[in-house]
Amino acid sequence: MHGTFDSSDIDAVIVPVRHFSYRRVVLGRFMRQPIAMTAALILLAIVLAAIFANVVAPADPFQTRVARRLAVIGTEGRWLGGDELGRDVLSRLIYGGRISLSMAVLPVAIGLFVGGFLGILAGYAGGRTNMAIMRAMDVFYAFPSILLAVAIAGALGPGMMNGIIALSMVFIPPIARMAESVTTQVRSYEFVIAARLSGASTGRILREHVLSNVAGPILVFASSQVSVSIIAASGLSFLGLGVSPPYPDWGLMLSALRQSIYVNPWVAALPGAMIFICSVCFNLVSDGVRRAMEVRR
Amino acid sequence: MSVTFSAMQAPLPPIEDRGGPSQPLLIARGLRKEFRLADGLFGGRTVVHAVDDLSLTVNKGETVGIVGESGCGKSTAARLIAGITPADDGEVVFDGESFWTPRTRIDAERRRAIQMVFQDSASSLNPRMTLTETLAFGPRAHGVPTAVARTYARDLLAAVGLPPSRFAERYPIQLSGGQRQRVNIARALAIRPRLLILDEPVSALDKSVEAQVLNLLVALREELSLSYVFISHDLNVVRYIADRVVVMYLGQVVEEATSAQIFAAPRHPYTRALFASKPSLDPRRRIEAPPLTGDPPDPVNPPSGCRFRTRCPIAEAVCAAAKPPLAAAAPEGEGHKVACWAAQPGSGHSLAPRPMGALQ
Amino acid sequence: MNALARIISEGSGAAPSPMLSIAGLNVAYRGGAGWTPVVRGVDLALAPGRSLVLLGESGSGKSVTLRAIIGLLREEGARVDGEVRVGGRDVNAMAPDELLKLRGNEVGFIFQEPMTALDPVFRIGDQIAETIVQHRGTSWRQAMATARELFDLVQIPSAERRLKAYPNELSGGLRQRAMIAMAMSCDPRLLLADEPTTALDATVQIQVLLLLREIQKERGTAMVFVTHDLGVAAEIADEVAVMYAGRIVEQGDAAQVLLNPSHPYTHALTGCVVQGSYRDHRLGELAGAPPDLAQLPPGCSFAPRCARRQEDCRLTDPARRPVAPRHDVACLHAADLPAGTAGGR
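No experiment lies behind these values; they were computed from the predicted model shown. (Residues numbered from 1 in each chain as written. Chains lettered and ligands numbered in written order. Predicted model: local features only at pLDDT ≥ 70, side-chain atom pairs only at ≥ 80, totals over all residues. Heavy atoms only, no water.)

A. Fine view of the overall build of chain B. Along the backbone of chain B there are 12 helices and 12 strands. In terms of principal-axis extent, the alpha carbons of chain B reach across some 70 × 55 × 55 Å. The contacts of chain B with a sequence gap of at least 6 include a subset with a gap of at least 24, amounting to 63%. Total accessible area on chain B stands at roughly 13900 Å², and carbon and sulfur atoms take up 52% of it. (Helix = DSSP H or I, 4+ residues; strand = E, 2+ residues; numbered from the N terminus. Contact = heavy atoms within 4.5 Å. Areas by Shrake-Rupley, 256 points an atom, 1.4 Å probe, with all protein chains shown as cover.)

Here you go:
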């Protein structure tokens, strides 16, 4: 009797299949976390406002009006006050999102690609390749991230492009290290060994087996770095190493307004508040995603 | 309804037999592997001799069981043979042709001749791939078009007893342990190997499922004329499936014989103790004294001479002095080899048989 | 009165009050939609000094039943109904501090993985002494001396040196012994063991089993032992209770249950074991897999896999009934089995 292959009885007793997509499950779990959801909505609002700044902003962010210099919050036409040149702070905050958020997200995105690539390569290859790549990363790791960014930006000179390059250099090593450690782990899993045994090329194994299993953790880690990046980016601008005036940028605004902190403290605090809110929200969102991706049984 | 492998249109050609029926399918010679562990602050190194001078022959259609306790090197041995872990020394000959040596890499096309099935675990299947994707991967890597490979994958599922209509699009997390193990077997067979190395394939399964998987393995062995290297710590399972048994202790082979020989008359004291430790299944005939005391020693510092001597009930001075060779056990004839001074004529061990000359 | 309680009171003239009695235990966990039952109406009784093996496959509810005995389940968010009495006292009615006292003083627990019970950053001897001081209030010096005695009891060689070792410095077998020493530290009258030998090598497993048997004999400790391994059950059990899908389907004297199984599930399980089978004999096998506890089939939950099922099996969930003295079975057709009530003793 070849009964082994006849499994008509298996079905009666096994868990009914719930066809689900992994992404939908993660999304569902994410949406059930009220704090992370709130943070995500706040971020979404800020990003949308920045993208559609020309529609949303009540005034031209570059237009100066001497009469409204350091106007208090609630002044007509300057609802969130005026800055040291009488420009509308609300509009500058909205427009500032464009530069500040790009300067925060772009370096992490670059770090994600470069660091992710290097880390996966190091983790999968192991041995000497791993040593060479990871020791090179360690050199950068030896410096505190802000200090490193300042040093590189200082060497390259001010400007938005240089700021982004400097910050990217900062985020490559930690992301590479993270990618290396998860890849090393995945590489030891039996399904990767089975793939190697099947004679598949390394490229194919990396693409089809490794990448899908390491992408999640690396992405989550990278997204948590955005909250650091936003502070570092603002820091560079604050020090005059990032965006140059008159472009609206939260760090730059903070730097300019800090001199009026005794005259109009609330207005001066606003760009700082934006940086703070975005940083915290990015952190909460990435935390929420991480929690949603956790394997639960 | 059942699809069998023989009726299936496999998109990959079979691997031709070259050496003929008397040529062993696999010959592994002198395999050796040390793992160096960086130890301590000052770079002191400790060396674990995971596998020490292992030789193994698998004939065509034969199942060789490798038995031993945790840390005896049986899983490392499996990975060495398959060429997944590079060996320090030794070579593997497959059907008369070199499979690997420490200096040559395995040819991608020839590699598919030896596949492995691992113990069922969460990481034995890619959690992000459906079963179809998992089973189609190997054939695709060998140039089979995706559409063909996916159809083939569904046939494979059917052949291991998982109806594709219900299982093809499932993810591993939606399977039970026994079902996952069926997929593991199908994945290994997808690229038509001639030798399967099964590393504790049923150890994580419940007993009733274990029987299902063992029956499947036996049926497939006959249908596809496969050879198996079957690694297990469970003597009952090995006795059931293996033609020949190799017993390992701390990285070395201590006894090798046909299943019938070794279960009828184990010669090495370790093999005897291992057999005697097997619970009886009869509450009225229980084991009254432990056959062995203590745990296996640390493989970092194995005992000198015979590695088993620290736990051996019949150890003598000669056992500490030198490592006993794996040699033919005296009275039995062919095929029964044991590495024990007490079984070597003229070894100086008080239980050793007299040398042939002295007998006459 | 349930069959087993009757059996025990019949067993000896002066009926010993049971060390452990469980009546109508139901446990459910919160699952996808609503509650999923994992233990369904378990009745048990265990006399002092006896050992009972809960035998079953993964998901049968055996470990959950074990954890219910020391009241761990509520803390895990499970819904627990029924009565669990240890030494006559109802565990489900105990206050948290009483439960803690129960766990240390009267009931010892051995896990599969010793590292879950041993703290890696403290020396083993200190951990055991600490437990003794906490539960018995003795001096540290006295506690250390007791720890030393316990190490002798569990046959750990070079006890002095091992007491000073950290858990990760010991081999698997020694760690398991150390955990048994810890469980025995307050001289419990009931020992609960959850697959304590599953992770051990064969030669070490039998040592630990023999040790437990010896301790039981020496100290008169009752024991509930959870395993999926029939061989282990045969080595350690006075009585065996076979669990399937949250129920006890067969219970009785170890030799009776293991050698003359009456329930088709137990029968199939013993048939699955590769013991003594040789090549090319097809193994008896149990088709399919255990049911999804969230969607149990109507009637007997084993019916879909049962080789001897009949029409009525899908209609009635069979109650336990005696088929022989000290042997009861939850199967409508147990009497029809070829093996079974035939005098096994």
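There is more to say, and it comes next.
B. Here's a closer look at the overall build of chain C. Broken down by element type, chain C carries 11 helices and 12 strands. The 345 residues of chain C split such that 56% are buried. A separation of at least 24 residues holds for 65% of the contacts in chain C among residues at least 6 apart in sequence. Here chain C displays about 13800 Å² of accessible surface, and carbon together with sulfur accounts for 51% of that area. (Buried < 20%, exposed > 50% of the residue type's maximum accessible area, 1.4 Å probe, protein only.)

C. Structural detail: the sheet that holds strand S8 (residues 222–227) of chain C. Residue and element names in this part refer to chain C. Strand order in the open sheet formed by 8 strands is S6-S7-S8-S3-S9-S10-S12-S11, and the pairing between neighbours is mixed. The open sheet terminates on both sides in strands that have one partner only, identified here as strand S6 (107–110) and strand S11 (321–324). Within the sheet, the average angular offset between the axes of one strand and its neighbour, ignoring direction, is 20 degrees. Looking at chain direction, S6 and strand S7 (residues 190–194) are connected through 4 bridges and run parallel. Looking at S7, one finds that glycine 108 is bridged to leucine 191. Of the strands in this sheet, strand S3 (51–55), S6, S7 and S8 are in contact with helix H8 (residues 202–219), which crosses S8 at around 160 degrees. (Pairing = 2+ DSSP bridges. Axes fitted to C-alpha atoms, helices over the stretch in contact; angles between N-to-C directions.)

D. Examining the side chain of arginine 162 of chain C more closely. Residue and element names in this part refer to chain C. Position of arginine 162 among the secondary structure elements: in helix H6 (residues 159–163). Relative accessible area serves as the criterion here: at 16%, arginine 162 is assigned to the buried category. Residues in contact with arginine 162, not counting those within four places in the same chain, are Ile124, Phe151, Ile156, Pro157, Leu170 and Leu174.

E. Highlighting helix H4 (residues 146–159) of chain B. All names here are of chain B. When the terminal C-alpha atoms of H4 are compared, their 20 Å separation across 14 residues agrees well with the 20 Å that a helix rising 1.5 Å per residue should span. Of all the residues in H4, the buried ones are Ala149, Tyr152, Ala153, Leu156, Leu157, Ala158 and Ala159. In this fold, the buried residues of H4 make contact with helix H3 (131–141), helix H5 (164–167), helix H6 (177–189) and helix H7 (207–223). Once H4 finishes, glycine 161 follows within two positions and takes phi at roughly 85 degrees, a positive value. (Expected span 1.5 Å × (residues − 1).)

F. Structural view of the domain arrangement of chain B. Residue and element names in this part refer to chain B. Annotation of chain B at the domain level lists domain 1 (26–242) and domain 2 (252–359). Relative placement of domain 1 and domain 2: their C-alpha centres are 29 Å apart. With 16 residues of domain 1 at the contact, the number on the domain 2 side is 14 residues. Our count for the domain 1 to domain 2 interface comes out at 2 salt bridges. (Domains from an automatic or database assignment. Salt bridge = Lys/Arg side-chain N within 4 Å of Asp/Glu carboxyl O.)

G. Seen up close, the nonpolar core. Val27, Leu190 and Val224 of chain C are the most contacted members of the largest nonpolar core, which totals 174 residues. Once residues within four sequence positions are removed from consideration, valine 27 of chain C is found in contact with Thr36, Pro37, Val38, Val39, Val64, Leu73, Ala78, Arg79 and Val80 of chain C. Ranked by size, the runner-up nonpolar core spans 59 residues in total, among them Ala39, Ala179, Val214 and Ile230 of chain A. (Core = buried A, V, L, I, M, F, W, Y, C linked by side-chain atoms within 4.5 Å.)

H. Structural view of the domain arrangement of chain C. Residues and elements named next belong to chain C. Domain annotation for chain C reports domain 1 (3–237) and domain 2 (250–276 + 284–336). Here domain 1 and domain 2 have C-alpha centroids that lie 27 Å from each other. Of the residues lining the interface, 20 residues belong to domain 1; the matching set on domain 2 comes to 18 residues. A combined buried area of about 1600 Å² lies between domain 1 and domain 2, and 61% of that area is made up of carbon and sulfur atoms. Our enumeration of links across domain 1 and domain 2 arrives at 1 salt bridge. For the interface between domain 1 and domain 2, the tally reads 3 residue pairs in polar contact (both at pLDDT 80 or more). No other element matches the 6 residues that strand S2 (residues 35–46) contributes to the side of domain 1 that touches domain 2. Residues belonging to the side of domain 1 that touches domain 2 are distributed by class as follows: 12 nonpolar, 3 polar and 5 charged. (Buried area = accessible area lost by both parts, 1.4 Å probe. Polar contact = N/O pair within 3.5 Å; in protein donor to acceptor, adjacent residues only side chain to side chain. Nonpolar A, V, L, I, M, F, W, Y, C, P; charged D, E, K, R; others polar.)

I. Region of the structure containing helix H7 (residues 172–183) of chain C. Residue and element names in this part refer to chain C. A rise of 1.5 Å per residue sets the reference length of H7, with its 12 residues, at 16 Å; its end C-alpha atoms lie 17 Å apart and thus fit the reference within 8%. In terms of burial, H7 is largely enclosed, as 11 of its 12 residues are buried. Listed as buried for H7 are Gly173, Leu174, Arg175, Gln176, Arg177, Ala178, Met179, Ile180, Ala181, Met182 and Ala183. Looking at the buried positions of H7, the neighbouring elements they touch are S6, helix H4 (124–136), helix H5 (140–153), H6, S7 and H8.

J. Representation of the sheet that holds strand S8 (residues 227–232) of chain B in the model. All names here are of chain B. The sheet built from 8 strands is open, its strands ordered S6-S7-S8-S3-S9-S10-S12-S11 with mixed pairing. Edge strands, defined here as strands with exactly one partner in the open sheet, are strand S6 (114–117) and strand S11 (327–328). Sheet topology note: the strand S9 (residues 244–249)/strand S10 (residues 252–258) ladder contains 6 bridges and is antiparallel. Bridge pairing in S10 places tyrosine 249 opposite glutamine 252. Where H7 meets the sheet, it contacts strand S3 (63–67), strand S7 (195–199) and S8, and its direction lies at approximately 155 degrees from that of S8.

K. Inspection of unusual backbone geometry at higher detail. You will see that glutamate 200 of chain B, though not glycine, has its phi angle at about 50 degrees, which is positive. When you line up the elements, glutamate 200 of chain B lands in the loop between S7 and H7. One non-glycine residue, glutamate 195 of chain C, lies in positive phi territory at about 45 degrees. With respect to the helices, strands and loops of the structure, glutamate 195 of chain C is situated in the loop between S7 and H8.

L. Focus on the interface of chain B and chain C. Counting from both sides, the interface comprises 43 residues of chain B and, opposite them, 48 residues of chain C. Surface buried jointly by chain B and chain C totals about 3800 Å² across both partners, of which 52% is contributed by carbon and sulfur atoms. For the chain B face of the interface with chain C, the top three residues by lost area are Tyr240, Leu281 and Arg286 of chain B, together amounting to 19%. Here chain B is connected to chain C by 1 salt bridge. Note that glutamate 288 of chain B and arginine 213 of chain C form a salt bridge whose closest N and O atoms lie 3.5 Å from each other. Our enumeration of links across chain B and chain C arrives at 11 residue pairs in polar contact (both at pLDDT 80 or more). Secondary-structure elements contributing two or more residues to the side of chain B that touches chain C are H7, helix H8 (235–241) and helix H10 (269–276) of chain B. Tallying contributions element by element places H7 of chain B first for the side of chain B that touches chain C, with 10 residues. Looking at the side of chain B that touches chain C residue by residue, the class counts come to 18 nonpolar, 10 polar and 15 charged.

M. Seen up close, the environment of threonine 138 of chain C. Residue and element names in this part refer to chain C. Note on placement: threonine 138 falls in the loop between H4 and H5. The partly exposed category is assigned to threonine 138, whose relative accessible area is 23%. As a C-alpha pair, threonine 138 and valine 154 span 16 residues in sequence and 21 Å in three-dimensional space. Not counting residues up to four positions away in its chain, the partners in contact with threonine 138 are Ile132, Val133 and Ala143.

N. Representation of the packing of aromatic side chains. Scanning all chains against the criterion turns up 10 aromatic pairs over all chains. Ring geometry for tyrosine 270 of chain B and phenylalanine 308 of chain B: centres 5.3 Å apart, planes at 65 degrees, overall edge-to-face. Here phenylalanine 308 of chain B lies in the loop between H10 and helix H11 (317–321) and tyrosine 270 of chain B lies in helix H10, a separation of 38 residues in the sequence. Seen in terms of ring centroids, tyrosine 244 of chain C and phenylalanine 302 of chain C are 5.1 Å apart; in terms of plane orientation they differ by 85 degrees. Their pairing is edge-to-face. (Phe/Tyr/Trp six-rings, centres within 6.5 Å; stacked < 30°, edge-to-face > 60°.)

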